[in-house]
Amino acid sequence: MTRVYEEIDRQLGIVVATVKQTLAYRFDFFTAILGALLMMALLYYLWTAIYASSTSMAMSYQALITYVCLGQAFSFARPGQRRILVRIGAGIRTGHVLMDLVRPTDYQLLTISDTFGAFLMETLMVSLPSYLVALLFFGISLPASPEAAFGFGVSVLGAFFLVSSVDFLIGLMAFWTMNVFGLVWGLGYLKIAVIDILAGTVIPLTLFPDWLRGIALALPFQGMAFTPLAIYVGTIQGSAIWTSILSQFAWGVGFVLLTRLVWLKARRRIEIQGG
Amino acid sequence: MAYYAELYLVYVRNLLKAWAQYRADFAITFISSILLTASRLFFLTLIFANIRQLEGWSFSEMLLIWGLMVAAATLANTFMDVPHRIFGYVRSGELDRLLVRPAALIFQIAGEGGLTLPALGNVLIGLAAILVALTGLPKPLPGWAAVYLPLALVSGALIYFSVQLIMACLSFWFINTISLMQTLAWMHQIGQYPVTILALPLQFLFTWVLPYAMMGFFPAAFLLRGDEYRLFGLLAPLMGLLFLGLSLSVWRVAIRHYQSAGS
């Protein structure tokens, strides 16, 4: 047991270090809030116009606006979320990955703890303030029920778990290709494209044509945005809240196990470039 | 002029050699940037799966706006990806190396790293969208569109470039503004929707301060609706030059404040 405690202690140390590091760049929080609010305003007016132009829609106006604004407040498409890709990519290109590998902890745990620190700070300094502004000025609704509020919180954690395990998997590809530029920028773009659509960040999956909604609901990406947002506005309710959170975490665990296998292979292939 | 043209060719040749070293990088970046742009286009079709028109604008009309905006923004990204690079030059002290050379500073940065060939695919998607939109319109555009469209496109690219350059210059006085720059660059997407859907203060912002509405919406609206948008439509091709002049003046002042990092 003491070994487990020691490991937890180490990971906490990494989280705290990241928190301190992000605090050194406070101006970034300010611009991130500004960005979230501007995007929120744009989407607010856009969806208001779309709603006014539609004859029938599968969601009420209030639920739609709440969903879209909340999606911008708690966005996983934010630059800070690229941390894993950037850390692995830059580490391999500069050779700094060696420093991470000789640390007395697991590389996968290390990157996830590091990103968790950033996620924690972004939630406190960017997501929550943006959310408050949305409540006060864009008139979005409170959670559909106390259960929805709790489910939303758990589901945001689930989304983080899912996003960071997928990121680690993408990052590991750099150990094979050495094409770090294409990886971080190229696959980073691709990830944004996939998340933007299949996660339902900007357009709720509820409003997709049937065939596409079927595909999106069968894939894990919905867990990155749609699941928490739909729980909040009450599109997902009752026992479905917990089954959807369960599936979110199941996908997350699946990706972690998969990346574990890939990582054990990748570790042996390391070539240190430069130094 | 001939001197600059020759110099630019040298830069391009070197760049192609560098890309040849990282073929897979090039391929991944090229393909994924196309997919990202295509996904943006997909949004438009998803939105129109729920409605027939957006505040009176049909899908083909919206596609024309979208195509113009995307082609202009990515044109700037492909050939003039300069503003982002400036930070790197300042931080590493590399700017000193450029300062002692006998060519315009902006030109040197544009030559060394401003050409982002993988982004070229996006320009093609934008142009394709414009062509598809033109075939879907109920009545053809007036003949002068053949002159007006390219002008609006170039002006749009200049607007996009200039706004970013001004942002980059601000970092000479203030703190690192790169995250602000990325946010505002992201914001250009508002140019793909009718600016009239926004609240008045935002309409003003995106018409005069960050004139992204001048990149896609106003030129397209002028072509499609004529008189109603005449003033802004005629202003749009000039806005690029206006902002280019403004941003270059800001740049000249900013560079005088440059202090070497000295490493």
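Before any of the text, the structure's been laid out above.
Described below are features of the structure shown in this document. (Residues numbered from 1 in each chain as written. Chains lettered and ligands numbered in written order. Predicted model: local features only at pLDDT ≥ 70, side-chain atom pairs only at ≥ 80, totals over all residues. Heavy atoms only, no water.)

What follows concerns helix H12 (residues 230–256) of chain B. Residues and elements named next belong to chain B. For H12, built from 27 residues, the straight-helix expectation of 39 Å at 1.5 Å per residue is met to within 8% by its first-to-last C-alpha distance of 40 Å. The sharpest bend along H12 comes to roughly 45°, located at Pro237. On the buried face of H12, the contacting elements are helix H4 (83–92), helix H5 (95–99), helix H6 (105–113), helix H8 (145–173), helix H10 (200–209) and helix H11 (217–225). (Helix = DSSP H or I, 4+ residues; strand = E, 2+ residues; numbered from the N terminus. Expected span 1.5 Å × (residues − 1). Bend = angle between axes of the 7 residues up to and from the residue. Contact = heavy atoms within 4.5 Å.)

In this structure, Trp47 and Ile203 of chain A together with Leu54, Tyr193, Phe206, Tyr212 and Trp251 of chain B are the most contacted members of the largest nonpolar core, which totals 142 residues. Sort the elements by how many residues they give to this core and H8 of chain B lands first, with 15 residues. Apart from residues no more than four positions distant in its own chain, Tyr193 of chain B is found in contact with Leu46 of chain A together with Leu44, Ile47, Leu54, Met62 and Phe217 of chain B. By size, the runner-up hydrophobic cluster in this structure holds nine residues, among which are Tyr107, Phe168, Leu172 and Trp263 of chain A. (Core = buried A, V, L, I, M, F, W, Y, C linked by side-chain atoms within 4.5 Å. Buried < 20%, exposed > 50% of the residue type's maximum accessible area, 1.4 Å probe, protein only.)

This next bit is on the pattern of salt bridges. Counted by the stated rule, this structure contains five salt bridges over all chains. Across the pair Arg10 of chain A and Glu6 of chain A runs a salt bridge, and its minimum N-O distance is 3.9 Å. Pair noted here: Arg10 of chain A and Glu6 of chain A are both in helix H1 (residues 2–23), with a separation of four residues, about one helical turn. The exposure class assigned to Arg10 of chain A is partly exposed, which follows from its relative accessible area of 31%. When the shortest N-O distance is used, the salt bridge between Arg225 of chain B and Glu61 of chain B registers 2.8 Å. Of the two residues, Arg225 of chain B is situated in helix H11 and Glu61 of chain B in helix H3 (residues 59–79); the sequence distance between them amounts to 164 residues. Note on Arg225 of chain B: relative accessible area 31%, which makes it partly exposed. Residues joined in a network through salt bridges with shared partners are Glu6, Glu7 and Arg10 of chain A. (Salt bridge = Lys/Arg side-chain N within 4 Å of Asp/Glu carboxyl O.)

Glancing now at the side chain of Thr227 of chain A. Among the structural elements, Thr227 of chain A can be located in helix H11 (residues 226–233). Leaving out residues up to four positions away in the same chain, Thr227 of chain A has contacts with Ser155, Gln222, Ile236, Ser244 and Gln248 of chain A.

Turning our eyes to something else, we now look at the interface of chain B and chain A. Many analyses report the size of an interface as the accessible area lost when the parts associate. Taken residue by residue, the interface counts 36 residues in chain B and 38 residues in chain A. With both sides pooled, the region where chain B packs onto chain A buries about 3,400 Å², and carbon together with sulfur makes up 78% of that total. When residues of chain B are sorted by the area they lose upon contact with chain A, Phe43, Leu46 and Asn50 of chain B head the list and together hold 16% of the total. Here chain B is connected to chain A by zero salt bridges. Here chain B and chain A share two residue pairs in polar contact (both at pLDDT 80 or more) between them. Counting only elements with at least two residues in the side of chain B that touches chain A, the list comes to helix H2 (23–47), helix H9 (178–186) and H10 of chain B. The greatest single-element share of the side of chain B that touches chain A, amounting to 14 residues, is contributed by H2 of chain B. Grouping the constituent residues of the side of chain B that touches chain A by class yields 24 nonpolar, nine polar and three charged. (Buried area = accessible area lost by both parts, 1.4 Å probe. Polar contact = N/O pair within 3.5 Å; in protein donor to acceptor, adjacent residues only side chain to side chain. Nonpolar A, V, L, I, M, F, W, Y, C, P; charged D, E, K, R; others polar.)

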